[in-house]
Amino acid sequence: ACGNSDTGGGDGGDDGKLVLGFSQVGAESGWRTANTNSIKEAAAEAGIELKFDDAQQKQENQIKAIRNYIQQKVDVIAFSPVVESGWDTVLKEAKDAGIPVILTDRAVDSADKSLYKTFLGSDFVKEGRLSGEWLVENKKDATGDVNIVELQGTTGSAPANDRKKGFAEAIAADPKLKVIASQSGDFTRAGGKQVMEQFLKAHPKIDVLFAHNDDMGLGALEAITAAGKEPGKDITIITIDAVKDGMQALADGKFNFIAECSPLLGPQLMDLAKKVHAGEEVPPRIETEETTFTQEQAKEALPNRKY
Ligand code: AHR
């Protein structure tokens, strides 16, 4: 479909390969790096020509990349939308050009579901809920208020919105669990560190940190230690992802619980790209399989952790 074809998507690259244009969120976290690697490796494995763009966490860059892919007449477009809203126009352009779109990892809030073929990714609400449920159980014997601070992911992103929601729903079961501060650390280590420093200055009694990903939790560890507190003991820490560094912190007793979010979406994405290109029906929603980890479970799983 690339090069000199002017017939719209659907007739393969110069060497007959299926051409997939992928717009990645950025390189903000260990999770994202593992996700990018998974996609690149799976494309090579599947014999798919991958055009890859890193949007550096900016929606305008993603829209630009998608428009480029439309212009190049790629066969299939896939992307992980940095935020949930504002995609209707560009998705309509892809649809009008006859190029099927697959959402991976993160969702869009478009009312018109015909703008994309399927959404492959985690259930972020569930990840938040599992985190909250663990906390309810862990603090069931605590007396007095349990003060929680929350490091949110990128503002407006599906994982930040959904994890916040699932966690809030779960901890509502116990009125002594109170979120006293909640702010975005943009899913980065630097963001997590900086916002945690502010939290520690503003709030003398912090019992729990809920970070929407491992990287922000890892950044926060530095702030907590610098404030003379012991992470995992003075402050209970819950994160999401379960990348290697996060799992190491959990095994070392610095984190207390991780809800897994799998970045290994590459093989399923390539499979879906082939199917939608062939005009096959695919399920509108494909959920990633995930688990949770305690400190003991992290010690066991760590030696075999690939990312
Ligand atoms: O969309 C998935 C989230 O994005 C991951 O949990 C986070 O680490 C990443 O930046």
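Residues numbered from 1 in each chain as written. Predicted model: local features only at pLDDT ≥ 70, side-chain atom pairs only at ≥ 80, totals over all residues. Heavy atoms only, no water.

Draft legend 1. Molecular detail of the overall build of the protein chain. Across its full length, the protein chain carries ten helices and twelve strands. Its C-alpha atoms give the protein chain a radius of gyration of 21 Å, within 12% of the compact-globule value 19 Å for 307 residues. Within the protein chain, the fraction of its 307 residues that count as buried is 55%. Sequence-distant contacts in the protein chain: of pairs separated by 6 or more residues, those separated by 24 or more amount to 74%. Just so you have it, the protein chain exposes about 13,100 Å², and 47% of that area is on carbon and sulfur atoms. (Helix = DSSP H or I, 4+ residues; strand = E, 2+ residues; numbered from the N terminus. Rg over C-alpha atoms; globule rule 2.2 N^0.38 Å. Buried < 20%, exposed > 50% of the residue type's maximum accessible area, 1.4 Å probe, protein only. Contact = heavy atoms within 4.5 Å. Areas by Shrake-Rupley, 256 points an atom, 1.4 Å probe, with all protein chains shown as cover.)

Draft legend 2. Up close: the confidence of the model for the protein chain. With 95% of its residues at a pLDDT of at least 70, the protein chain reaches an overall mean of 95. Contacts of residues 1–10 to residues separated by more than four positions or lying in other chains number 30 contacts, the stretch itself having pLDDT below 50. Across the interface, the model reports ipTM at 0.99; the global pTM reads 0.94. (pLDDT = per-residue confidence, 0-100.)

Draft legend 3. Region of interest: the site of the ligand. Taken together, E28, S29, W31, R32, D105, R106, F124, P159, R163, F187, N213 and D241 make up the full set of residues adjacent to the ligand. Protein chains shield 100% of the accessible area of the ligand, which is 280 Å² for the free molecule. Elements supplying a minimum of two residues to the shell around the ligand: α1 (30–46) and α5 (158–171). Broken down by class, the residue content of the shell around the ligand amounts to four nonpolar, two polar and six charged. (Near = heavy atom within 4 Å. Nonpolar A, V, L, I, M, F, W, Y, C, P; charged D, E, K, R; others polar.)

Draft legend 4. Representation of the packing of aromatic side chains in the model. The full count for this structure, using the stated rule, is four aromatic pairs. An angle of 10° between the planes, with centres 5.0 Å apart, marks the rings of W134 and F257 as stacked. Here W134, found in helix α4 (residues 124–138), pairs with F257, found in strand β10 (residues 257–260); they are 123 residues apart in sequence, far enough to count as distant. Taking the centre distance of 4.0 Å and the plane angle of 15° together, the rings of F167 and F210 count as stacked. Placement of F167 in helix α5 and of F210 in strand β8 (residues 208–211) is noted, with a sequence separation of 43 residues between them. Take F167 and F210: they sit in the same class, and that class is buried. The side chain of K40 reaches across the aromatic face of F52, ending 4.4 Å from its centre. (Phe/Tyr/Trp six-rings, centres within 6.5 Å; stacked < 30°, edge-to-face > 60°. Lys NZ or Arg CZ within 6 Å of the ring centre and 35° of its normal.)

Draft legend 5. Main features of the sheet that holds strand β2 (residues 49–54). Pairing in this open sheet of six strands is parallel, and the strands run β2-β1-β3-β4-β5-β11 from one edge to the other. Each edge of the open sheet carries a strand with a single partner, namely β2 and β11 (285–287). Shown here is a sheet whose adjacent strand axes are inclined to one another by a mean of 20°, direction ignored. When strand β1 (residues 19–24) meets strand β3 (residues 76–79), the two strands line up parallel, connected through four bridges. The partner of L20 across the bridge, within β3, is V76. (Pairing = 2+ DSSP bridges. Axes fitted to C-alpha atoms, helices over the stretch in contact; angles between N-to-C directions.)

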